[in-house]
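# Observations on the three-dimensional arrangement
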Amino acid sequence: MQTITRKTVPFFDYPKVFTSQEAELLAVITDVGRRGAFILQRDLAQFEENLARYLGVKYVVGVANATDGLLLALRAAGIGPGDEVIFCSHTMVATAAAIHFSGATPVPVECGADHLIDPAAVEAAITPRTKAILPTQLNGRTANMAALGAIAEKHGLMIVEDAAQALGSRFRGKAAGTFGVAGAVSFYPAKTLGCLGDGGCVMTNDPAVYDKLLLLHDHGRDASGEVVVWGLNSRLDNLQAAILDFKLKQYDQVVARRREIASLYQERLGDLPQLRLPPAPDSDPDHFDVFQNYEIEAEDRDALRAYLRERGIGTLIQWGGKAVHQFPKLGFTQRLPYIESLFTRLLLLPMHAFLTDDDVAYVSDCIREFYLSGGQG
Ligand SMILES: *Cc1c(COP(=O)(O)O)cnc(C)c1O
(Lines give C-alpha, C1' and ligand atoms only; values in the text may rest on other atoms or scores of the structure.)
Protein backbone atom coordinates (compact mmCIF):
# COMPACT_ATOMS: atom_id res chain seq x y z
CA MET A 1 0.00 0.00 0.00
CA GLN A 2 1.08 3.53 -0.75
CA THR A 3 2.10 5.40 2.40
CA ILE A 4 -0.05 8.35 3.32
CA THR A 5 1.69 11.69 3.89
CA ARG A 6 0.90 12.81 7.40
CA LYS A 7 -0.87 16.12 8.06
CA THR A 8 -2.99 17.72 10.74
CA VAL A 9 -6.74 18.09 10.30
CA PRO A 10 -8.36 19.64 13.38
CA PHE A 11 -12.02 18.87 13.98
CA PHE A 12 -12.80 22.58 13.72
CA ASP A 13 -10.54 25.58 13.19
CA TYR A 14 -11.75 28.36 15.51
CA PRO A 15 -9.11 31.00 14.62
CA LYS A 16 -10.11 30.70 10.94
CA VAL A 17 -13.60 32.00 11.81
CA PHE A 18 -11.77 35.31 12.21
CA THR A 19 -8.49 35.04 10.27
CA SER A 20 -10.02 33.75 7.03
CA GLN A 21 -11.53 37.24 6.55
CA GLU A 22 -9.68 39.32 9.10
CA ALA A 23 -9.51 42.62 7.16
CA GLU A 24 -13.19 42.56 6.19
CA LEU A 25 -14.32 41.68 9.72
CA LEU A 26 -12.13 44.40 11.24
CA ALA A 27 -13.76 46.90 8.88
CA VAL A 28 -17.22 45.83 10.10
CA ILE A 29 -16.13 46.06 13.74
CA THR A 30 -14.55 49.49 13.22
CA ASP A 31 -17.65 50.81 11.49
CA VAL A 32 -20.02 49.63 14.22
CA GLY A 33 -17.66 50.71 17.00
CA ARG A 34 -17.19 54.23 15.62
CA ARG A 35 -20.96 54.64 15.42
CA GLY A 36 -21.33 53.37 19.01
CA ALA A 37 -24.07 51.12 17.66
CA PHE A 38 -24.07 48.30 20.18
CA ILE A 39 -27.64 47.42 21.20
CA LEU A 40 -30.75 47.14 19.00
CA GLN A 41 -29.39 49.24 16.13
CA ARG A 42 -29.94 49.28 12.38
CA ASP A 43 -27.37 46.54 11.60
CA LEU A 44 -29.49 44.13 13.63
CA ALA A 45 -32.72 45.21 11.94
CA GLN A 46 -31.04 44.82 8.54
CA PHE A 47 -29.72 41.36 9.36
CA GLU A 48 -33.12 40.21 10.66
CA GLU A 49 -34.74 41.43 7.45
CA ASN A 50 -32.15 39.85 5.16
CA LEU A 51 -32.30 36.55 7.01
CA ALA A 52 -36.11 36.52 6.92
CA ARG A 53 -35.97 37.02 3.15
CA TYR A 54 -33.34 34.28 2.80
CA LEU A 55 -35.49 31.80 4.73
CA GLY A 56 -38.83 32.83 3.28
CA VAL A 57 -40.26 33.58 6.72
CA LYS A 58 -42.16 36.67 7.85
CA TYR A 59 -40.23 37.52 11.03
CA VAL A 60 -36.76 36.96 12.49
CA VAL A 61 -35.79 38.17 15.97
CA GLY A 62 -32.12 38.15 16.94
CA VAL A 63 -31.53 36.73 20.43
CA ALA A 64 -28.52 36.04 22.65
CA ASN A 65 -28.22 32.35 21.67
CA ALA A 66 -30.38 29.49 20.36
CA THR A 67 -31.04 28.07 23.84
CA ASP A 68 -32.68 31.35 24.84
CA GLY A 69 -34.36 31.40 21.44
CA LEU A 70 -36.06 28.05 22.10
CA LEU A 71 -37.13 29.13 25.57
CA LEU A 72 -38.57 32.40 24.23
CA ALA A 73 -40.29 30.54 21.37
CA LEU A 74 -41.94 28.13 23.84
CA ARG A 75 -43.00 30.98 26.13
CA ALA A 76 -44.32 33.03 23.21
CA ALA A 77 -46.31 29.98 22.07
CA GLY A 78 -47.92 29.81 25.51
CA ILE A 79 -46.24 26.58 26.61
CA GLY A 80 -45.55 26.26 30.34
CA PRO A 81 -46.18 24.37 33.58
CA GLY A 82 -48.36 21.27 33.23
CA ASP A 83 -47.51 20.81 29.54
CA GLU A 84 -45.39 18.06 28.00
CA VAL A 85 -43.11 18.70 25.04
CA ILE A 86 -41.77 15.78 22.99
CA PHE A 87 -38.18 16.02 21.72
CA CYS A 88 -35.60 13.62 20.30
CA SER A 89 -32.99 12.55 22.85
CA HIS A 90 -30.21 12.73 20.23
CA THR A 91 -29.83 16.47 20.64
CA MET A 92 -27.93 19.00 22.71
CA VAL A 93 -29.09 19.28 26.32
CA ALA A 94 -30.04 22.87 25.40
CA THR A 95 -33.17 21.58 23.64
CA ALA A 96 -34.43 19.90 26.81
CA ALA A 97 -33.19 22.73 29.05
CA ALA A 98 -35.31 25.23 27.11
CA ILE A 99 -38.38 23.02 27.69
CA HIS A 100 -37.45 22.64 31.36
CA PHE A 101 -37.06 26.39 31.92
CA SER A 102 -40.38 27.08 30.18
CA GLY A 103 -41.92 25.13 33.07
CA ALA A 104 -43.04 22.26 30.80
CA THR A 105 -41.84 18.64 31.04
CA PRO A 106 -39.36 17.46 28.39
CA VAL A 107 -40.30 14.00 27.04
CA PRO A 108 -37.42 12.33 25.15
CA VAL A 109 -38.07 9.92 22.26
CA GLU A 110 -36.10 7.83 19.77
CA CYS A 111 -34.57 8.88 16.49
CA GLY A 112 -34.78 7.01 13.20
CA ALA A 113 -32.07 5.70 10.89
CA ASP A 114 -31.38 9.28 9.72
CA HIS A 115 -30.58 10.27 13.38
CA LEU A 116 -33.57 12.66 13.41
CA ILE A 117 -36.73 12.43 15.51
CA ASP A 118 -38.79 9.31 14.72
CA PRO A 119 -42.42 10.26 13.92
CA ALA A 120 -43.73 6.86 15.11
CA ALA A 121 -41.98 7.37 18.48
CA VAL A 122 -43.50 10.84 18.73
CA GLU A 123 -47.00 9.50 18.20
CA ALA A 124 -46.46 6.76 20.81
CA ALA A 125 -45.35 9.35 23.42
CA ILE A 126 -48.41 11.61 23.14
CA THR A 127 -50.50 11.97 26.32
CA PRO A 128 -53.41 14.27 27.19
CA ARG A 129 -50.82 16.77 28.50
CA THR A 130 -48.73 16.90 25.33
CA LYS A 131 -48.72 20.41 23.96
CA ALA A 132 -45.93 20.47 21.39
CA ILE A 133 -43.39 18.52 19.35
CA LEU A 134 -39.87 19.98 19.33
CA PRO A 135 -37.85 18.31 16.56
CA THR A 136 -34.12 18.99 16.33
CA GLN A 137 -33.10 19.50 12.72
CA LEU A 138 -29.87 17.69 13.45
CA ASN A 139 -26.59 17.84 11.54
CA GLY A 140 -28.02 20.28 9.01
CA ARG A 141 -30.87 18.02 7.89
CA THR A 142 -34.58 18.75 8.27
CA ALA A 143 -36.81 15.99 9.63
CA ASN A 144 -39.76 14.61 7.67
CA MET A 145 -42.00 17.57 8.46
CA ALA A 146 -44.90 16.15 6.43
CA ALA A 147 -45.13 13.20 8.84
CA LEU A 148 -44.64 15.38 11.94
CA GLY A 149 -47.10 17.98 10.66
CA ALA A 150 -49.76 15.29 10.15
CA ILE A 151 -49.27 14.01 13.71
CA ALA A 152 -49.39 17.54 15.12
CA GLU A 153 -52.59 18.29 13.23
CA LYS A 154 -54.25 15.00 14.22
CA HIS A 155 -53.55 15.57 17.93
CA GLY A 156 -53.84 19.37 18.03
CA LEU A 157 -50.17 19.94 18.90
CA MET A 158 -47.84 22.82 18.14
CA ILE A 159 -44.44 22.42 16.48
CA VAL A 160 -41.42 24.39 17.72
CA GLU A 161 -38.16 23.61 15.87
CA ASP A 162 -34.63 23.40 17.18
CA ALA A 163 -32.97 24.48 13.93
CA ALA A 164 -29.73 25.45 15.72
CA GLN A 165 -27.78 23.24 13.29
CA ALA A 166 -29.90 23.76 10.21
CA LEU A 167 -29.83 27.29 8.83
CA GLY A 168 -30.89 27.04 5.18
CA SER A 169 -31.65 23.31 5.35
CA ARG A 170 -34.93 22.48 3.61
CA PHE A 171 -37.62 19.81 3.46
CA ARG A 172 -39.65 19.91 0.21
CA GLY A 173 -38.30 23.40 -0.41
CA LYS A 174 -39.32 24.86 2.95
CA ALA A 175 -36.64 26.10 5.36
CA ALA A 176 -35.92 24.49 8.72
CA GLY A 177 -37.34 26.58 11.53
CA THR A 178 -40.34 27.81 9.51
CA PHE A 179 -42.73 24.83 9.72
CA GLY A 180 -44.34 25.39 13.10
CA VAL A 181 -45.22 28.21 15.45
CA ALA A 182 -41.54 29.20 15.76
CA GLY A 183 -37.99 27.90 15.39
CA ALA A 184 -34.54 28.85 16.66
CA VAL A 185 -31.12 28.97 14.96
CA SER A 186 -27.68 29.29 16.57
CA PHE A 187 -24.81 31.52 15.43
CA TYR A 188 -22.26 29.89 17.77
CA PRO A 189 -18.87 30.20 16.00
CA ALA A 190 -18.75 26.54 14.88
CA LYS A 191 -22.25 26.60 13.44
CA THR A 192 -22.70 26.89 9.67
CA LEU A 193 -23.26 30.65 10.03
CA GLY A 194 -21.07 31.52 13.00
CA CYS A 195 -20.40 34.87 14.64
CA LEU A 196 -17.50 35.85 16.91
CA GLY A 197 -19.18 34.71 20.11
CA ASP A 198 -22.69 33.68 21.11
CA GLY A 199 -25.73 34.54 19.05
CA GLY A 200 -29.02 33.16 17.80
CA CYS A 201 -32.40 34.03 16.37
CA VAL A 202 -36.03 32.96 16.44
CA MET A 203 -38.19 32.86 13.32
CA THR A 204 -41.95 32.81 13.04
CA ASN A 205 -44.74 33.53 10.57
CA ASP A 206 -47.21 34.42 13.33
CA PRO A 207 -47.53 38.17 14.05
CA ALA A 208 -48.84 37.56 17.60
CA VAL A 209 -45.88 35.28 18.41
CA TYR A 210 -43.52 37.86 16.88
CA ASP A 211 -44.96 40.61 19.10
CA LYS A 212 -44.49 38.40 22.18
CA LEU A 213 -40.92 37.55 21.19
CA LEU A 214 -40.11 41.27 20.88
CA LEU A 215 -41.37 41.83 24.43
CA LEU A 216 -39.87 38.72 26.00
CA HIS A 217 -36.34 39.29 24.64
CA ASP A 218 -36.10 42.89 25.88
CA HIS A 219 -37.23 43.00 29.52
CA GLY A 220 -40.92 42.75 28.66
CA ARG A 221 -40.90 46.33 27.39
CA ASP A 222 -43.13 47.51 24.56
CA ALA A 223 -42.14 50.19 22.02
CA SER A 224 -43.08 52.99 24.42
CA GLY A 225 -40.91 51.53 27.21
CA GLU A 226 -43.89 50.34 29.25
CA VAL A 227 -43.23 46.95 30.89
CA VAL A 228 -46.19 44.76 29.96
CA VAL A 229 -44.90 41.26 30.82
CA TRP A 230 -42.00 39.61 32.72
CA GLY A 231 -39.18 39.46 30.18
CA LEU A 232 -35.53 38.55 29.82
CA ASN A 233 -32.50 40.32 28.43
CA SER A 234 -31.76 38.16 25.41
CA ARG A 235 -30.82 40.42 22.53
CA LEU A 236 -28.43 39.66 19.67
CA ASP A 237 -25.54 42.15 19.94
CA ASN A 238 -25.68 44.67 17.12
CA LEU A 239 -21.97 44.05 16.46
CA GLN A 240 -22.54 40.31 16.02
CA ALA A 241 -25.53 41.09 13.79
CA ALA A 242 -23.35 43.30 11.58
CA ILE A 243 -20.79 40.49 11.31
CA LEU A 244 -23.54 37.97 10.54
CA ASP A 245 -25.07 40.21 7.90
CA PHE A 246 -21.67 40.41 6.20
CA LYS A 247 -21.26 36.61 6.39
CA LEU A 248 -24.80 35.91 5.19
CA LYS A 249 -23.83 37.30 1.78
CA GLN A 250 -21.40 34.37 1.34
CA TYR A 251 -23.54 31.77 3.03
CA ASP A 252 -24.64 30.01 -0.16
CA GLN A 253 -20.98 29.34 -1.02
CA VAL A 254 -20.35 27.98 2.49
CA VAL A 255 -23.27 25.57 2.15
CA ALA A 256 -22.18 24.55 -1.36
CA ARG A 257 -18.67 23.79 -0.05
CA ARG A 258 -20.02 21.70 2.84
CA ARG A 259 -22.15 19.71 0.40
CA GLU A 260 -19.11 19.22 -1.84
CA ILE A 261 -17.13 17.84 1.12
CA ALA A 262 -20.01 15.47 1.94
CA SER A 263 -19.87 14.22 -1.67
CA LEU A 264 -16.10 13.69 -1.37
CA TYR A 265 -16.54 11.63 1.81
CA GLN A 266 -19.30 9.66 0.06
CA GLU A 267 -17.04 8.91 -2.94
CA ARG A 268 -14.10 7.84 -0.81
CA LEU A 269 -15.85 5.96 1.99
CA GLY A 270 -19.18 4.86 0.52
CA ASP A 271 -18.04 1.29 -0.19
CA LEU A 272 -16.77 0.46 3.34
CA PRO A 273 -19.13 -2.05 4.99
CA GLN A 274 -17.92 -0.98 8.45
CA LEU A 275 -19.44 2.49 8.03
CA ARG A 276 -22.88 3.99 7.64
CA LEU A 277 -22.64 7.45 6.08
CA PRO A 278 -25.22 10.26 6.11
CA PRO A 279 -27.41 10.50 3.01
CA ALA A 280 -25.39 12.02 0.15
CA PRO A 281 -26.38 15.51 -1.07
CA ASP A 282 -29.19 15.21 -3.64
CA SER A 283 -29.79 11.53 -2.86
CA ASP A 284 -33.36 12.39 -1.79
CA PRO A 285 -35.23 15.19 -3.57
CA ASP A 286 -37.26 15.94 -0.40
CA HIS A 287 -34.16 17.01 1.50
CA PHE A 288 -31.67 19.84 1.06
CA ASP A 289 -29.01 19.32 3.75
CA VAL A 290 -26.47 21.96 4.82
CA PHE A 291 -24.13 19.51 6.59
CA GLN A 292 -23.54 21.26 9.89
CA ASN A 293 -21.97 17.91 10.77
CA TYR A 294 -20.90 14.75 9.00
CA GLU A 295 -22.12 12.15 11.45
CA ILE A 296 -21.22 8.56 10.59
CA GLU A 297 -21.86 5.25 12.31
CA ALA A 298 -18.60 3.32 12.62
CA GLU A 299 -17.70 -0.22 13.62
CA ASP A 300 -14.91 -0.20 16.29
CA ARG A 301 -15.66 3.49 16.75
CA ASP A 302 -13.37 4.10 19.72
CA ALA A 303 -10.39 2.33 18.13
CA LEU A 304 -10.98 4.24 14.89
CA ARG A 305 -11.10 7.50 16.82
CA ALA A 306 -7.80 6.77 18.59
CA TYR A 307 -6.23 5.70 15.27
CA LEU A 308 -7.26 8.98 13.64
CA ARG A 309 -6.10 11.03 16.64
CA GLU A 310 -2.63 9.47 16.35
CA ARG A 311 -2.62 10.61 12.74
CA GLY A 312 -3.45 14.22 13.58
CA ILE A 313 -7.17 14.03 12.79
CA GLY A 314 -9.73 15.51 15.18
CA THR A 315 -13.14 13.82 15.50
CA LEU A 316 -15.99 14.33 17.95
CA ILE A 317 -18.84 12.39 19.50
CA GLN A 318 -21.78 14.75 19.88
CA TRP A 319 -22.98 15.81 23.34
CA GLY A 320 -20.01 14.27 25.14
CA GLY A 321 -21.07 10.81 23.98
CA LYS A 322 -24.52 10.65 25.53
CA ALA A 323 -28.09 11.32 24.50
CA VAL A 324 -29.96 13.76 26.77
CA HIS A 325 -31.89 11.06 28.68
CA GLN A 326 -28.56 9.35 29.50
CA PHE A 327 -27.42 12.11 31.85
CA PRO A 328 -28.62 10.52 35.10
CA LYS A 329 -28.70 13.73 37.15
CA LEU A 330 -31.39 15.23 34.90
CA GLY A 331 -33.92 12.71 36.23
CA PHE A 332 -35.14 11.00 33.06
CA THR A 333 -36.55 7.47 33.51
CA GLN A 334 -37.05 6.60 29.83
CA ARG A 335 -34.98 3.88 28.14
CA LEU A 336 -34.37 4.45 24.43
CA PRO A 337 -32.57 1.31 23.18
CA TYR A 338 -32.05 2.41 19.58
CA ILE A 339 -30.42 5.70 20.54
CA GLU A 340 -28.39 4.05 23.31
CA SER A 341 -26.99 1.53 20.85
CA LEU A 342 -26.45 4.24 18.23
CA PHE A 343 -24.29 6.20 20.66
CA THR A 344 -21.72 3.38 20.70
CA ARG A 345 -21.21 3.90 16.94
CA LEU A 346 -21.65 7.64 16.30
CA LEU A 347 -18.72 9.75 15.19
CA LEU A 348 -18.36 13.19 13.64
CA LEU A 349 -15.69 13.57 10.95
CA PRO A 350 -14.21 17.03 10.26
CA MET A 351 -16.81 19.04 8.28
CA HIS A 352 -16.39 22.76 7.70
CA ALA A 353 -15.78 25.16 4.85
CA PHE A 354 -12.07 25.61 5.73
CA LEU A 355 -11.23 21.98 4.81
CA THR A 356 -9.33 21.38 1.57
CA ASP A 357 -9.97 18.46 -0.76
CA ASP A 358 -6.58 17.13 0.39
CA ASP A 359 -7.75 17.23 4.03
CA VAL A 360 -10.82 15.18 3.15
CA ALA A 361 -8.73 12.72 1.12
CA TYR A 362 -6.30 12.32 4.04
CA VAL A 363 -9.08 11.68 6.56
CA SER A 364 -10.70 9.19 4.19
CA ASP A 365 -7.41 7.41 3.42
CA CYS A 366 -6.65 7.01 7.13
CA ILE A 367 -10.11 5.53 7.76
CA ARG A 368 -9.67 3.07 4.87
CA GLU A 369 -6.25 2.12 6.18
CA PHE A 370 -7.68 1.50 9.65
CA TYR A 371 -10.28 -0.98 8.40
CA LEU A 372 -8.05 -2.62 5.79
CA SER A 373 -5.37 -3.22 8.41
CA GLY A 374 -7.95 -4.94 10.57
CA GLY A 375 -8.22 -2.09 13.05
CA GLN A 376 -4.83 -2.91 14.59
CA GLY A 377 -3.36 0.59 14.32
C1 LIG B 1 -25.68 24.54 19.22
C2 LIG B 1 -26.99 23.92 19.54
C3 LIG B 1 -27.90 24.48 20.45
C4 LIG B 1 -27.56 25.66 21.30
O5 LIG B 1 -27.22 26.79 20.59
P6 LIG B 1 -26.62 28.04 21.41
O7 LIG B 1 -26.69 29.17 20.43
O8 LIG B 1 -25.21 27.68 21.77
O9 LIG B 1 -27.49 28.23 22.60
C10 LIG B 1 -29.12 23.89 20.61
N11 LIG B 1 -29.46 22.77 19.94
C12 LIG B 1 -28.62 22.18 19.08
C13 LIG B 1 -29.06 20.98 18.34
C14 LIG B 1 -27.35 22.72 18.86
O15 LIG B 1 -26.50 22.11 18.03
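This section reports on the structure supplied with the text. (Residues numbered from 1 in each chain as written. Predicted model: local features only at pLDDT ≥ 70, side-chain atom pairs only at ≥ 80, totals over all residues. Heavy atoms only, no water.)

## Focus on the packing of helix α4 (residues 66-76) against helix α5 (residues 93-102)
Relative orientation and spacing of two packed helices are given, respectively, by the angle between their axes and the distance between those axes. In plain terms, the rule: What counts as an axis is a line fitted to C-alpha atoms, over the stretch in contact for a helix, and the angles between N-to-C directions run from 0 to 180 degrees. Each helix is a run of DSSP H or I of at least 4 residues and each strand a run of E of at least 2, with the numbering of both proceeding from the N terminus. In these notes the angle categories are as follows: under 35 degrees is roughly parallel, over 145 is roughly antiparallel, 65 to 115 is roughly perpendicular, and the rest is oblique. Each crossing gets its handedness from the near helix: less than a right angle anticlockwise from the far helix is left-handed, clockwise is right-handed. Working rule for contacts: check all heavy atoms of both residues, and any pair within 4.5 Å makes them a contact. In this classification, Asp, Glu, Lys and Arg are treated as charged, Ala, Val, Leu, Ile, Met, Phe, Trp, Tyr, Cys and Pro as nonpolar, and every other residue, Gly included, as polar.
For the pair α4 and α5, interaxial distance at closest approach is 8 Å and the crossing angle is 40°. Between α4 and α5, the crossing angle belongs to the class labelled oblique. Helix-helix and strand crossings are classified by hand; for α4 and α5 the assignment is right-handed. Every residue of α5 that contacts α4 at Thr-67, Leu-70, Leu-71 and Leu-74 is listed here: Ala-94, Thr-95, Ala-98, Ile-99, Phe-101 and Ser-102. A class-by-class count of the residues in the contact of α4 with α5 yields seven nonpolar, three polar and no charged.

## A few points about the site of the ligand
Operational definition: Here a residue is considered near a molecule or strand provided that any single heavy atom belonging to it is located within 4 Å of it. The term polar contact refers here to a pair of N or O atoms within 3.5 Å; inside protein, the definition further demands a hydrogen-donor-capable atom paired with an acceptor-capable atom, and it admits residues adjacent in sequence only when both atoms are side-chain atoms. Residue-level accessible areas treat just the shown protein chains as cover; the underlying method is Shrake-Rupley with a 1.4 Å probe.
Residues in close proximity to the ligand total 15 residues, the closest being Ala-66, Thr-67, Asp-162, Ser-186 and Lys-191. Asp-162 places a polar side-chain atom, nitrogen or oxygen, 2.8 Å from a nitrogen atom of the ligand. Within the complex, the protein chains bury 93% of what would otherwise be the 380 Å² of accessible surface of the ligand. If you list the elements that add at least two residues to the shell around the ligand, you get α4 and α5. Partitioning the shell around the ligand into residue classes produces five nonpolar, eight polar and two charged.

## Digging into the pairing of strand β1 (residues 59-63)
Applied cut-off: Think of it in three bands: with a 1.4 Å probe and only protein chains considered, a residue is buried below 20% of the maximum accessible area for its type, exposed above 50%, and partly exposed in between. Here the rule is simple: two strands pair whenever DSSP picks up at least two bridges between them.
Counting buried positions along β1 gives four out of five residues, so the element sits mostly inside the fold. Examined bridge by bridge, β1 and strand β9 (residues 200-204) share five bridges and lie antiparallel to one another. The partner of Tyr-59 across the bridge, within β9, is Thr-204.

## A closer look at the sheet that holds strand β10 (residues 275-276)
Strands sit in the order β10-β12-β13 across an open sheet of three strands; the sheet is antiparallel. With partners counted over all chains shown, the strands left at the sheet margins are β10 and β13 (346-349), one partner each. Across two bridges, β10 lies against strand β12 (residues 294-298) in antiparallel orientation. Among the inter-strand pairings, Leu-275 is bridged to a residue of β12, identified as Ala-298. The strands touched by helix α10 (residues 251-269) are β10, β12 and β13; relative to β12, the strand with the most contacts, the crossing angle is about 20°.

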